[in-house]
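A look at the structure
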Amino acid sequence: MRQQGALLRTRGGLLVATTYEHCSTLLRHPAFGHDSNPLRTADPEQRVPSFLRMDPPDHTRLRGLVSRAFTPRMIERLRPRIEAITAELITALPEEGDLVSGFAYPLPVMVITEMLGVPAEDHERFQAWSEALARGLDPLLSTELMSESERARLEFGDYFRGLIKERRSRPGDDLLSALARVEELTEAELLATCVLLLVAGHETTVNLIANGVLALLRHGALPLAAEHPREVVEEVLRYDPPVQLTLRSALRDTELGGTPTPAGTPVLALIGAANRDPAEYAAPDRFDPTRGPGRHLAFGLGIHFCLGATLARLEGEIALRALARAAPKLELVDPDPPYKANLVLRGLASLPVRALSVRA
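Conventions we followed
All chains use their own residue numbering, which begins from 1 and follows the written sequence. Owing to the predicted nature of the model, reporting of local features is limited to residues with pLDDT of at least 70; listing and counting of side-chain atom pairs is limited to 80 or more, with chain, interface and lining totals taken over all residues. With hydrogens and water stripped out, all remaining heavy atoms of the structure feed into the side-chain values. Labels follow the DSSP assignment, with helices taken as runs of H or I lasting at least four residues and strands as runs of E lasting at least two, numbered in each case from the N terminus. A contact between two residues is defined here by any heavy atoms of the two lying within 4.5 Å. Here, any two strands with at least 2 DSSP bridges between them count as paired. For this analysis, a salt bridge means a side-chain nitrogen from Lys or Arg found within 4 Å of a carboxyl oxygen belonging to Asp or Glu. With a 1.4 Å probe rolled over the protein chains alone, any residue whose accessible area is under 20% of its type maximum counts as buried; one over 50% counts as exposed, and the rest are partly exposed. The convention used is that axes are lines fitted to C-alpha atoms, helices contributing only their stretch in contact, and that angles between N-to-C directions extend from 0 to 180 degrees. An angle below 35 degrees is read as roughly parallel, one above 145 as roughly antiparallel, one from 65 to 115 as roughly perpendicular, and any other as oblique. For this scheme, ten residues count as nonpolar: Ala, Val, Leu, Ile, Met, Phe, Trp, Tyr, Cys and Pro. Four count as charged, namely Asp, Glu, Lys and Arg, and the remainder, Gly too, count as polar. Two rings belonging to Phe, Tyr or Trp (six-membered ring only in the last case) form a pair when the distance between their centres is within 6.5 Å. Interplanar angles under 30 degrees mark stacking, angles over 60 mark edge-to-face geometry, and anything in between is tilted. Expected span, for any helix, means 1.5 Å times one less than how many residues it has.

1. Re the environment of Phe299
Tracing the backbone shows Phe299 in the loop between α14 (271-274) and α15 (309-326). Distance from Phe299 to Leu237, taken between C-alpha atoms, is 8.5 Å for residues 62 residues apart in sequence. Once residues within four sequence positions are removed from consideration, Phe299 is found in contact with Leu237, His304, Phe305, Cys306, Ala309, Ala312 and Arg313.

Written as structure tokens, this is what we have:
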């Protein structure tokens, strides 16, 4: 697609950005946003979207309220607990098994649910809800799967209404209690924020960890994760980003890369393609954690830069380093493991591995 031009226009009027230059401009330019997105699913209930799908000033207000819990200092305080959870999960791994269900999935789920103050006994209930909500991001979703996603959203909302009511009567030191005390948040905004934090707070990190292990094993680079986890995580984010694409709309008449873009024009940023743009990266299709610091778009840019980027990086670094040190002889059972059916989020459905030889 890139060879046909940096910007492609489909028959339906959608613009598709394929290069790093155009995708980065699209993500950070104030002329592009969400409010007039013509491809957004119509909602008969007119429900409040999460701030992920908002533009200023609503986005600024809601993100500002939540961002207090995601400062680098606050996230660093979570390091001991993340390391403890990681160690527990690795110790429980069998000699052969699925690394997604046994490690990549439970780690970020346990972290974000503990942050929010969700009871441990409810963790498993979220898996089906979260998967259904994540599938709802797919623009090619069938009517049946869209109905499942909507049903999961409603069940999620009912659950959190009860939990919010409980936290207001018996507050704790968790994030949900703090959000429930914010008078500026309407109930609809609070519910949308809780769902966003729980789903976005773990779904993409599951993919980061699993995609990272797969890339390391395929390239014989697992030892690098033991000594240079930060560099490995950044290369995984570039090489195989959990979020492959995102949609924006022109909020006013503007242009992108010299191409006239009238107000309301939907523009798709292919993040996966931008992260492998040969004009931005040398040998872009090579997985190389030693390539040095570089920019990637895995967390976006501008005002919508991922709120949980610091947490995701920390979880990824701790998880990959601990696994590489505890299981240096880890190997793939299936060289081509299956992926989840999702156009937007790229993640493994399972990752069978063997010969863990886990060391305490």
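2. Description of the sheet that holds strand β4 (residues 96-98)
Spatial ordering of the open sheet is given by β4-β10-β9, a layout of three strands whose pairing is antiparallel. A strand with exactly one partner marks an edge of an open sheet, and here the two such strands are β4 and β9 (331-332).

3. Comments concerning the pattern of salt bridges
Counted under the stated rule, the structure contains 22 salt bridges. One salt bridge in this structure joins Arg238 and Glu235, with 2.9 Å as the shortest N-O distance. With a gap of three residues between them, Arg238 and Glu235 both fall in helix α13 (residues 229-239), about one helical turn apart. Glu235 matches Arg238 in its accessibility class, with the two residues each being buried.

4. As for the environment of Leu345
Summarising the element assignment, Leu345 is placed in the loop between β9 and β10 (352-354). Since its relative accessible area comes to 7%, Leu345 is described here as buried.

5. Section: the packing of helix α11 (residues 203-218) against α13
Interaxial distance between α11 and α13 falls to 10 Å at its minimum, and their mutual angle equals 100 degrees. Classified by the angle between their axes, α11 and α13 sit roughly perpendicular to one another. For the pair α11 and α13, contact is made by Leu208, Asn211, Gly212, Ala215 and Leu216 and by Val232, Val233, Val236, Leu237 and Tyr239, respectively. Here the contact of α11 with α13 is built from residues that sort into eight nonpolar, two polar and no charged.

6. Observations regarding the packing of aromatic side chains
Ring pairs (aromatic) are described by centroid distance and by the angle formed between their planes. According to the stated counting rule, one finds five aromatic pairs in the structure shown. With a centroid separation of 5.7 Å and an interplanar angle of 25 degrees, the aromatic rings of Phe156 and Phe160 are classed as stacked. One end of the pair, Phe156, and the other, Phe160, are both in helix α8 (residues 143-169), four residues apart, so they sit about a helical turn from each other. Comparing Phe156 with Phe160 shows no difference in burial state: the two are buried. Residues Tyr239 and Phe287 carry aromatic rings whose centres are separated by 5.2 Å and whose planes lie at 65 degrees to one another, so their mutual orientation is edge-to-face.

7. Overview of the sheet that holds strand β2 (residues 15-17)
Spatially, β1-β2-β8-β5-β3 is the arrangement adopted by the five strands of the open sheet, whose pairing is mixed. Looking at the sheet topology across the chains shown, the edges are occupied by β1 (7-9) and β3 (32-33). As judged from the three bridges shared by β2 and strand β8 (residues 266-270), these two strands associate in the parallel manner. In the strand pairing of β8, Val16 is matched with Leu268. Relative to the sheet, helix α1 (residues 20-28) contacts β1, β2, β3, β5 (245-250) and β8, its axis offset from that of β8 by approximately 125 degrees.

8. So, α8
For α8, with 27 residues, the first-to-last C-alpha span of 40 Å sits near the 39 Å given by 1.5 Å per residue. Among the residues of α8, Ser149, Ala152, Arg153, Phe156, Gly157, Tyr159, Phe160, Leu163, Ile164 and Arg167 are the ones counted as buried.

By themselves these figures say nothing about function.
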